[in-house]
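Take a look at the letters that make up each chain.
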Amino acid sequence: MNNTDCQEILELIPAYAIGATDAEETALVETNLAYCPDAEAELALYNDVISDVLLMPEKLVTPPPALEQKIMAAAIPKPRRSVSIRGWRVAAVIAILWAIGFTIWGLQQASERMDTEDELAAAEARNEALQALLQGSDNEVVLTANVENEFSARLRWNNEEDIGLLETNNLPPVSEDETYQAWILAGDSAVSLGAFEIDENGDALVIVDLPFDIEPFQSIGVSVEPLGGSETPTTTPLLIGRLSED
Amino acid sequence: MKDTSDIELMRRVAAQDQTAFSALYQRFGSLIYSLTLRIIDNADLAEEVTQDVFLKVWNQAERWDPERGTLSTWLLIITRSTAIDRLRKENRHLSRTETMTENVAEEPEQGIPWHDKYHLQKLLGSLPQEQRLLIEMAFLKGFTHRELAEHLDLPLGTVKHRIRSGLMKLKDMWQASLEPSRLDRNS
């Protein structure tokens, strides 16, 4: 980028900072901002101005008392979510699982958290199932979503422990108000496998709990949903994969 | 939880602690509702949007990164985008006649975390009305340059110039207000 181009970007920064730029101007700034350090610095400055001057309401208005009750009533603790390991590859995940195993060993010694031997056995079995999925155990079944683009996903799972690993590659970034969500589908029904985040490369490795038999389901999908996830898919899935066994 | 830091509070909210979530509402509920009302100007819709914002925070509390900004700023950014999305969905931002009334800054309640910078909000009132109107319509209602030009029947160049000039002036005033006073320097 030459100085003239960066000057054009710099002049757009104030309007861009408050969201006033048109689509072409926005694209111009976002595509070239990284090459214009002065513009980046100016944007950071305007973001501070906006935070202090524009974002704050002029006066505080107390909301109706009933609003708090509605919000609290809707804030239901979520069931155990899929754990997303952003950007970590197999070696790092194995290191984590080793640490889990070590912790389980430690718990066996201390008996601090596990109330029963059954719970401890279940945790060990889950740990072993995850390690097997990472290393390609004979007990795993690998699925690959059909891809029509440069991004892709794959779900491996272990039926006995009802646990799976969803791996995504090169997914495009989403906005701050959005998240990716995985689904398992049977006809018109969709069951959420959880929302997850991708790393800067569009990759994710997600541990997925499958508290049911996967046999009746025909496909998996990944869609973009509002931040916080959805009960059912609200957008057309980016990825759909027919479930099949290797 | 009154003295709990924002970081600790959000850690607990991320862990689905409903007591912490209630404390979060006590701390920021008025702030979020107030900004929502300012953007949407309809009490019923503002309630719904406020609820949406808090549920987003409940479901994605771990997304707040203290390194990137204060909790209040993060919450208000989410509030603004959620409110503008709702405005567009209700098709209200273009169909209404925009009459941005004169701002009347009131004294903030005690204990608001941003109290020490509340005076900076008054800087907006120092701008010429034609610049301030465009900036507020863009920032609070989601209008772009072209939409402003069409809606207000102004040349596109005029809209761009007024917004840019107004924001540059705002930036200069903001920077000046943060500088140490001359008396302090000379003492």
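Scroll up for the structure.
What you see is a predicted model; the values in this text were computed from it and never measured. In every chain, residue numbers begin from 1 and rise along the written sequence. Think of it this way: whatever chain is written first is A, whatever ligand is written first is 1, and the rest follow in order. pLDDT decides what is reported in this predicted model: residues at 70 or higher carry local features, side-chain atom pairs at 80 or more are listed and counted, and totals for whole chains, interfaces and linings draw on all residues regardless. Only hydrogens and water are removed before side-chain values are computed, so all heavy atoms of the structure are retained for them.

Student: Please set out the pattern of salt bridges residue by residue, giving values where relevant.
Tutor: We define a salt bridge as a side-chain nitrogen of Lys or Arg found within 4 Å of a carboxyl oxygen belonging to Asp or Glu. Evaluation of the coordinates by the stated rule reveals 15 salt bridges over all chains. One salt bridge in this structure joins B:Arg86 and B:Glu90, with 2.9 Å as the shortest N-O distance. Bridged by salt links that share partners, the residues A:Asp22, A:Glu24 and B:Arg146 form one connected network.

Student: An account of the packing of helix α6 (residues 129-141) of chain B against helix α8 (residues 156-178) of chain B is needed here, citing residue identities and associated values.
Tutor: Residue and element names in this part refer to chain B. Where α6 contacts α8, the axes come no closer than 8 Å and their chain directions differ by 95°. In this view, α6 runs roughly perpendicular relative to α8, as classed from their interaxial angle. Facing Glu130, Gln131, Leu134 and Ile135 of α6, the residues of α8 in contact are Val159, Arg162, Ile163, Ser165, Gly166, Leu167 and Lys169. Gly falls in the polar group here, along with every residue not listed as nonpolar (Ala, Val, Leu, Ile, Met, Phe, Trp, Tyr, Cys, Pro) or charged (Asp, Glu, Lys, Arg). Of the residues in the contact of α6 with α8, the class split is five nonpolar, three polar and three charged. Orientation is described by lines fitted to C-alpha atoms, with helices fitted over the stretch in contact, and by angles between N-to-C directions that extend from 0 to 180 degrees. Per the convention used, a helix needs a DSSP run of H or I reaching at least four residues, while a strand needs a run of E reaching at least two, with both numbered from the N terminus. These descriptions rest on fixed angle ranges, namely under 35 degrees for roughly parallel, over 145 for roughly antiparallel, 65 to 115 for roughly perpendicular, and the rest for oblique. Note on definitions: a residue-residue contact is assigned when non-hydrogen atoms from the two residues lie within 4.5 Å.

Student: Summarise the state of the cysteines; cite the residues concerned and give the values.
Tutor: Residues and elements named next belong to chain A. Cysteine sulfur atoms that pair up within 2.5 Å are treated as a disulfide. On inspection of all chains with the given rule, the structure shows one disulfide over all chains. Through a disulfide, Cys6 is tied to Cys36; the S-S separation comes to 2.2 Å. Taking the sign of the S-S torsion, about -85° here, the bridge from Cys6 to Cys36 comes out left-handed. Residue Cys6 is located in helix α1 (residues 3-17), and its partner Cys36 is located in the loop between α2 (23-32) and α3 (37-54); the two are separated by 30 residues in the primary sequence. Take Cys6 and Cys36: they sit in the same class, and that class is buried. Classification of residues uses two cut-offs on accessible area relative to the type maximum, computed with a 1.4 Å probe and protein chains only: under 20% is buried, over 50% is exposed, and between them is partly exposed.

Student: I'd like a rundown of the pairing of strand β3 (residues 152-158) of chain A, residues and numbers included.
Tutor: Residue and element names in this part refer to chain A. In terms of residue burial, β3 counts as a mostly covered element, since five of its seven residues are buried. Bridge analysis of β3 against strand β4 (residues 163-169) gives seven bridges, and the strand direction is antiparallel. For Arg156, the partnering residue across the bridge sits in β4 and is Leu165. Here β3 hands over to β4 after four residues, with Asp162 in that stretch at a positive phi of 55°. Only strands joined by at least two bridges in the DSSP assignment are considered to pair.

Student: So what about the packing of helix α4 (residues 65-74) of chain A against helix α3 (residues 43-59) of chain B? Which residues, and what values?
Tutor: Two measures define how a pair of helices packs: the angle their axes make with one another and the distance between the axes. Look at α4(A) against α3(B): their axes get within 10 Å of each other, and the N-to-C directions meet at 35°. For the pair α4(A) and α3(B), the sense of crossing is right-handed. Counting all contacts with α4(A), which are made through A:Leu67, A:Lys70, A:Ile71 and A:Ala74, the residues of α3(B) involved are B:Glu47, B:Thr50, B:Gln51, B:Phe54 and B:Leu55. Here a crossing is called left-handed whenever its near helix is offset anticlockwise from the far helix by less than a right angle, and right-handed whenever the offset is clockwise.

Student: Account for the sheet that holds strand β5 (residues 178-186) of chain A, naming residues and giving values.
Tutor: All names here are of chain A. On the basis of which strands lie adjacent, the open sheet formed by four strands has the order β6-β5-β8-β9 and antiparallel pairing. Sheet topology places β6 (189-196) and β9 (239-242) at the edges, where each strand pairs with a single neighbour. Sheet twist, expressed as the average angle between the axes of neighbouring strands with direction ignored, equals 25°. Alignment of β5 against β6, held across seven bridges, turns out to be antiparallel. From the neighbouring strand, Ala186 faces β6, where its bridge partner is Ser189.

That's the geometry; what it means functionally is another story.
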